[in-house]
Amino acid sequence: MNAVADKLTSIEWLGQQMRAKTANYEISQKDTNLSPVTWEDRCGAIVSIEDKATKAYCEILVWGDYRDNTMAYNILHLHLAAVLYEALAKDVQRIRFDLKSFAFKVAKMALFFNLRGFCGIKSEDKLKFFGITEIRMRTYREHYAYLENMVEIILSDMRDEIDYYVDIYRKSLNKA
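My aim in this report is to walk through the structure given alongside it, one point at a time. Just so we're clear, the structure is a prediction, and the values are computed from it rather than from any experiment.

A closer look at the overall build of the chain
On a plain count of helices and strands, the chain comes out with 9 helices and 0 strands. In sequence order, the secondary structure elements of the chain are arranged as α-α-α-α-α-α-α-α-α. Counting the 176 residues in the chain, one finds 36% classified as buried. Residue pairs at least 24 apart in sequence account for 68% of intrachain contacts in the chain once pairs closer than 6 positions are excluded.

And the structure:
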């Protein structure tokens, strides 16, 4: 591979030929006699990811489609909600509200803000926007704010897993 392609992150490499294109009028020559990597090859890198939720997250990152009505978004959201529900079921002794519904809403909120990179929004406003009315703001801040951090850690681990699988795939393409 050339030096520029080696410096790209896995997500940048995957997205090179996968997004909308603009006209390129520069004359380019191949520096080797190898066939160039096509978008089909890049799709193969996504397919090589074993975990369904991680694959969905990769699709979201590559195509930049953050709408909450896509199948990839739904798969990732449901996975995060299940993980949060499992953590809540272990930690919460006195249940005064539906934990599944609460985990679902918190996962949606954390995923939304993680993908879009919003910051500086008050927690109270975030809870209102996502319809989390089961608890008061103070209770959320003191006892449940860690759930947002859990989502951040899970997504970070997924990005590492994506890098791992794509790196292996890229190396296998170089050998072929």
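Right, picking up where we left off after that structure.
Quick notes on the nonpolar core
Counting 50 residues, the largest nonpolar core has Phe102, Tyr140 and Tyr144 as its most contacted members. Elements that contribute at least two residues to this core include exactly helix H2 (10–15), helix H3 (39–47), helix H4 (52–63), helix H5 (71–91), helix H6 (99–116), helix H8 (137–144) and helix H9 (146–175). Examining the composition of this core, we find that 11 residues originate from one element, H6, more than from any other. Filtering out sequence-adjacent residues up to four positions away, Phe102 remains in contact with Leu88, Phe97, Ile132, Glu134, Ile135, Tyr140, Tyr144 and Leu147.

Some points on the packing of aromatic side chains
Taken as a whole and assessed by the stated rule, the structure comprises 9 aromatic pairs. Consider the rings of Phe102 and Tyr144, whose centres lie 5.2 Å apart with planes at 70 degrees: the pair is edge-to-face. Residue Phe102 is located in helix H6, and its partner Tyr144 is located in helix H8; the two are separated by 42 residues in the primary sequence. Per residue, the accessibility class of Phe102 equals that of Tyr144, and both read buried. An aromatic cluster is present here, built from Phe112, Phe113, Phe129 and Phe130 joined pairwise through their rings. The ring of Tyr85 carries Lys100 above its face, with NZ or CZ at 5.5 Å from the centroid.

Side note on the packing of H3 against H9
Helix packing for two helices is described by the angle between their axes and how far apart those axes are. Axis separation between H3 and H9 bottoms out at 9 Å; the angle between their running directions is 140 degrees. The pairing of H3 with H9 is recorded here as oblique in orientation. For H3 against H9, the interelement crossing comes out right-handed. Residues Asp41, Gly44 and Ala45 of H3 form the contact with H9, whose own contacting residues are Val166, Tyr169 and Leu173. Of the residues contributing to the contact of H3 with H9, the split by class is 4 nonpolar, 1 polar and 1 charged.

Brief notes about the side chain of Glu148
One can find Glu148 in helix H9. The exposure class of Glu148 is buried, given its relative accessible area of 18%. Look past the residues within four positions of Glu148 in its chain and what remains in contact with it is Met109, Ala110, Lys126 and Tyr140.

What counts, and where the lines are drawn
Residues numbered from 1 in each chain as written. Predicted model: local features only at pLDDT ≥ 70, side-chain atom pairs only at ≥ 80, totals over all residues. Heavy atoms only, no water. Helix = DSSP H or I, 4+ residues; strand = E, 2+ residues; numbered from the N terminus. Buried < 20%, exposed > 50% of the residue type's maximum accessible area, 1.4 Å probe, protein only. Contact = heavy atoms within 4.5 Å. Core = buried A, V, L, I, M, F, W, Y, C linked by side-chain atoms within 4.5 Å. Phe/Tyr/Trp six-rings, centres within 6.5 Å; stacked < 30°, edge-to-face > 60°. Lys NZ or Arg CZ within 6 Å of the ring centre and 35° of its normal. Axes fitted to C-alpha atoms, helices over the stretch in contact; angles between N-to-C directions. Parallel < 35°, antiparallel > 145°, perpendicular 65-115°, else oblique. Left-handed = near helix turned anticlockwise from the far one by under 90°. Nonpolar A, V, L, I, M, F, W, Y, C, P; charged D, E, K, R; others polar.

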